[in-house]
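# Descriptive structure summary
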Amino acid sequence: MGSGAADTARLKGPSGSDGSDPFSADGELEVARARYARRLGRHPGLPSVSRLAQLAAQLTGSSSSQVSLISDVQVVVAGTGAALDSVGVDSPAADSLCTVTVEHRSPVSVDDAPHDDRVSDLPPVTSGVVGSYLGVPLHAGTDVVGALCVYNDAPRTWSAQDVALLEALAEPIVAELELAALGSEYDDDRVVWQLAIDAGEVGAFDWNLVTGELRWDERLLELFGLDRQTFGGTIEAFNEVVHPDDRERVSAALQTAISEVGPFTAEYRIVLGGGQVRWIAARGRALAGPTGSAVKVLGAASDTTAAQDAEARVARVLESMPSAFYHLDSQWRFTYANTEAKRLLGGVSIDIIGAVVWDLFPDARDGAFETQYRQAVDTGQPVVFEAYYPPPLDSWYEVRAWPGPDGLSVYFLQINDQHEARSVLERSLQRSALLADVTVAMSGTLESKEAVARLARLLVPRIGDWSIVTLADDAAQHLEGTGDDRDWRRGLRDAGWWHDEAEMGPLLEQFAGLRLAALTDDSFVARAVHTGRPVVVSGGAADRIGELLAPGTAQSLVEQLDPWSVVVVPLTAHDRLVGLLSVFRGRDRESFTPAEVAALEEVAGRAGLALDNTRLYREQRDLASELQQSMLTAPPEPDHLHVAVRYVPAAEAAQVGGDWYDAFVQRNGATVVVIGDVVGHDTAAAAAMGQLRSILRGIAVTTDGSPAEILTRVDEAMELLLLDTTATVIVARFEQTPEERRAGLTRLRWSNAGHPPPMVIAHPDDPPTPSPQDDRPGRIEHHPATTPGRSADSAVLWGATPNMLLGLMPETVRDETVLTLRRGATVLLYTDGLVERRQQDLDTGVQQLEAVFTELVASELPLEDLCDELLRRLLPERPEDDVALVAVRLHREDQPRPAEAGPPRVPSTVDDPPPV
């Protein structure tokens with residue numbers, strides 16, 4: 001809550017009641033926390049974070065929401081409502097309500113701010129901006145860096161569901177802020193790199209192999225004596241300035257790099273506009289696209305003319321030069337080595353003149369040194385490379401070798417410091433990339449099965465050769481409660497795994513299915529569960545794990561998988577063990593370093609929070625589904641028809657919806673079916689649905705009214721009871737006189753309040769469906785089947801004139817339609833989720849439904865199977881909306897009710913049906 005909205009408040013709380021700064025205490029932990037908060041707060045107004053803040057306000061029904069990061073100041077990075085003007089504005093941390101949440105490290109709920117001693121004298125409260133407040137902390141690892149809050153200008157009671165919702169949204173907010181920070185740091189690294197390039201007078205090039213565009217920076221244009229107007233921007237324009245004698249060699253080097261998607265190195269001459277010759281040294285690399293083939297070549301070039309011209313004077317200065325130099329004759333014998341070369345190579349021998357290089361340095365054979373030296377001699381072209389020589393030299397070298405008529409001249413520099421600096425930078429970039437990939441992958445799904453599969457794959461082969469992700473299904477398992485006095489396996493299951501070698505996948509799958517049950521209480525997994533800390537096995541992991549497995553198949557499998565080293569890292573969230581991460585390496589890779597273990601701990605922290613989010617989502621979704629199902633009752637079982645019902649919740653909404661169905665028997669013996677959809681997709685819609693369903697059922701049962709009369713009375717009841725909602729509904733009644741029963745006829749009487757039209761299909765052996773029997777028929781679209789053989793006649797029962805939705809105009813005069821059906825007819829009522837999509841209108845959806853419905857009836861599927869197949873064909877894998885449907889089939893013959901069906905139902909005939 002920023003200074004521009006409801007956050008110009010002085011902190012009140014256990015450490016700030018006297019107005020002091022709650023973060024004034026010295027200490028490295030607080031300094032690190034504040035630094036982390038400032039890092040995440042550099043990008044206010046991110047669209048993704050703003051959408052999450054808006055979602056928090058909408059789902060909690062709040063007028064304002066805000067995301068604040070707290071360091072020595074408060075930065076509002078996203079906000080809605082009254083907080084919108086505060087986005088990007090710094091304010092003192094001690095004046096922020098969100099600081100209270102950060103200090104408490106747990107949700108802070110204020111229902112009535114003016115009467116809450118914690119906040120009653122704060123300016124946002126006294127000014128009337130804040131009447132109620134709810135905030136949850138933003139966790140970044142073990143630190144709390146800020147808060148997500150919602151508030152209103154009036155008092156309000158916050159529910160546990162509101163708290164859980166904000167906590168669920170807090171995790172992706174932190175992930176989005178982290179991604180933005182990583183992107184910014186990457187851009188900063190590129191700037192530093194560019195400054196280094198400029199300082200070294202090096203020009204850069206970028207050749208797009210897809211478009212053919214060749215881009216040079218200003219420094220490279222200057223080296224080639226060109227400018228933006230005179231350079232053509234193509235590889236042909238580059239070839240024009242390369243010396244004719246070097247052109248073929250340079251082109252071949254480029255083509256090799258492209259075909260191998262590897263490095264490019266060349267030193268060549270160019271001819272400037274006035275005929276002057278200049279030497280250029282270029283290095284680069286071909287980069288692969290999604291298909292694995294090269295899509296561009298990036299690199300840099302510098303002017304080496306001075307070095308080439310100075311070669312004639314090298315003999316006079318070799319001894320005084322700081323660079324190492326030696327010369328090899330055609331038999332690979334040392335003929336000369338300057339002082340610096342002797343110093344650097346002195347670990348092998350001080351007297352090297354006359355010795356064969358391969359005898360004196362046997363580790364140079366079959367490696368980069370021999371390969372590059374022989375390439376230079378065979379091709380007559382200079383080579384430049386970096387290589388490592390093991391002890392006793394134990395160093396990295398940058399080597400430049402030029403072939404000549406009398407042998408090979410070699411310059412080299414010891415670059416241990418430079419190589420280590422590059423290695424550190426590369427590892428840092430790889431670690432950042434891995435964390436970013438984990439954040440994106442894990443936050444992109446709310447299904448735990450998919451999340452663990454993604455995590456297992458992300459780590460292989462980047463961190464290990466194979467991995468296993470274990471889930472802790474016992475949500476109540478806290479780290480401080482995992483002592484030796486309990487079964488550490490309780491609730492644990494290996495849920496995801498991946499091996500870098502596809503042929504080892506089945507072995508790993510079998511091992512994952514047996515591992516936990518076979519591990520003893522002294523195993524590394526048990527130790528990680530008990531301590532809550534990583535367990536590292538640096539060598540001989542196969543033998544050590546085998547010793548901790550019960551004799552049997554699991555022991556044999558671990559011998560075949562043959563891990564050399566392993567790390568087991570707990571996955572935690574909010575001091576709760578949510579799983580474990582086991583990463584294995586084979587014998588051909590080094591054991592895990594402390595830096596790699598630390599990286600895995602960071603990965604585990606983010607993955608643990610993401611998996612905990614999936615658990616919370618799953619629990620909310622299951623609770624919503626159970627609540628929805630509890631509102632829907634089983635249909636009745638009259639003796640002349642069968643009623644089948646289905647309900648499918650939306651895939652993404654972890655909440656109840658407003659779709660419902662109902663079926664019951666009136667006192668006069670008629671069977672009534674109802675389908676309805678309350679406007680909205682939240683708990684309010686579900687509550688309104690429950691009320692409407694109860695009102696409608698009560699009116700229908702106690703009055704024996706017709707469908708139109710029932711809907712009219714429901715409208716009146718909604719007005720009297722002040723039910724502020726609207727709904728689409730169809731009430732349909734199946735009725736018979738004794739004469740109709742004997743003739744095998746049933747009348748379908750229905751009234752539609754703005755709902756998608758029902759459908760009816762005659763039995764394939766019956767003639768077409770009769771026309772409506774009243775003087776105001778609906779627009780019933782008949783579609784007689786023309787296919788030879790067994791078929792079915794269908795009708796879409798549109799209303800003659802649209803009737804208003806319930807809850808809009810209580811004085812609406814509602815009509816109804818009657819249709820006479822023969823035995824075997826099938827009637828379908830459904831909600832709009834079955835036929836409407838974002839890319840599809842209602843009419844198109846109804847046509848598709850009719851086609852599938854007709855086909856399924858013609859196939860004479862049992863009614864229950866028909867409903868299942870209808871949903872399978874028409875619903876997408878992840879439905880966007882709830883779907884309810886009711887299907888009714890008239891029996892072909894009078895069928896007595898089964899004895900196990902319960903007490904007898906009311907007879908299904910109507911001696912004197914009410915008039916329309």
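Residues numbered from 1 in each chain as written. Predicted model: local features only at pLDDT ≥ 70, side-chain atom pairs only at ≥ 80, totals over all residues. Heavy atoms only, no water.

### Notes on the nonpolar core
- Counting 33 residues, the largest nonpolar core has W488, F511, I545 and L549 as the members making the most contacts within it.
- Mapped onto this core, the elements with two or more residues apiece are β17 (466-472), α16 (505-518), α17 (524-531), β19 (535-537), α18 (541-547), α19 (553-561), β20 (565-573) and β21 (576-585).
- For this core, the leading source of residues is α16, giving 6 residues. (Core = buried A, V, L, I, M, F, W, Y, C linked by side-chain atoms within 4.5 Å. Buried < 20%, exposed > 50% of the residue type's maximum accessible area, 1.4 Å probe, protein only. Helix = DSSP H or I, 4+ residues; strand = E, 2+ residues; numbered from the N terminus.)

### Thoughts on the sheet that holds strand β15 (residues 395-404)
- In spatial order, the strands read β13-β12-β16-β15-β14; together these 5 strands make up an open sheet with antiparallel pairing. Only two strands of the sheet have a single partner each, and these edge strands are β13 (334-337) and β14 (383-389). When strand polarity is set aside, the average angle formed by the axes of neighbouring strands in this sheet is 25°.
- The pairing of β15 with strand β16 (residues 407-414) spans 8 bridges and is classified as antiparallel. Paired with G404 across the two strands is G407, which belongs to β16. (Pairing = 2+ DSSP bridges. Axes fitted to C-alpha atoms, helices over the stretch in contact; angles between N-to-C directions.)

### Here's the deal with a nonpolar patch on the surface
- A contiguous nonpolar patch, built from M804, L808 and M809 and spanning about 240 Å² of accessible area, is present on the exposed surface.
- Among the secondary structure elements, L808 is positioned in the loop between β29 (794-798) and β30 (817-822).
- When its relative accessible area of 44% is taken as the criterion, L808 is described as partly exposed. (Patch = residues over 30% accessible without salt bridge, like charges linked within 9 Å, V, L, I, M, F, W, Y side chains within 5 Å. Areas by Shrake-Rupley, 256 points an atom, 1.4 Å probe, with all protein chains shown as cover. Salt bridge = Lys/Arg side-chain N within 4 Å of Asp/Glu carboxyl O.)

### Regarding the pairing of strand β1 (residues 64-70)
- Summarising burial for β1: 7 of the 7 residues are buried, a large majority.
- The alternating pattern of β1 places S64, Q66, S68 and I70 and S65, V67 and L69 on opposite faces, both of which are buried.
- Of the pairings in the sheet, the one linking β1 to strand β6 (residues 143-152) comprises 6 bridges and is antiparallel in character. Note on β6: the bridge partner recorded for L69 is G146.
- Inspection of the sheet shows β1 paired to strand β2 (residues 73-80) by 6 bridges, in the antiparallel sense. From the neighbouring strand, Q66 faces β2, where its bridge partner is G79.
- Joining the antiparallel neighbours β1 and β2 is a turn of 2 residues.

### A few points about the confidence of the model for the protein chain
- Summary statistics for the protein chain give a mean pLDDT of 83 and a share of 83% for residues scoring 70 or more.
- Of all secondary-structure elements in the protein chain, the lowest mean pLDDT belongs to strand β28 (residues 779-783), at 47, while strand β31 (residues 826-830) reaches the highest, 96.
- Within the model, the stretch residues 782-792 combines pLDDT values under 50 with 23 contacts to residues more than four positions away or in other chains. (pLDDT = per-residue confidence, 0-100. Contact = heavy atoms within 4.5 Å.)

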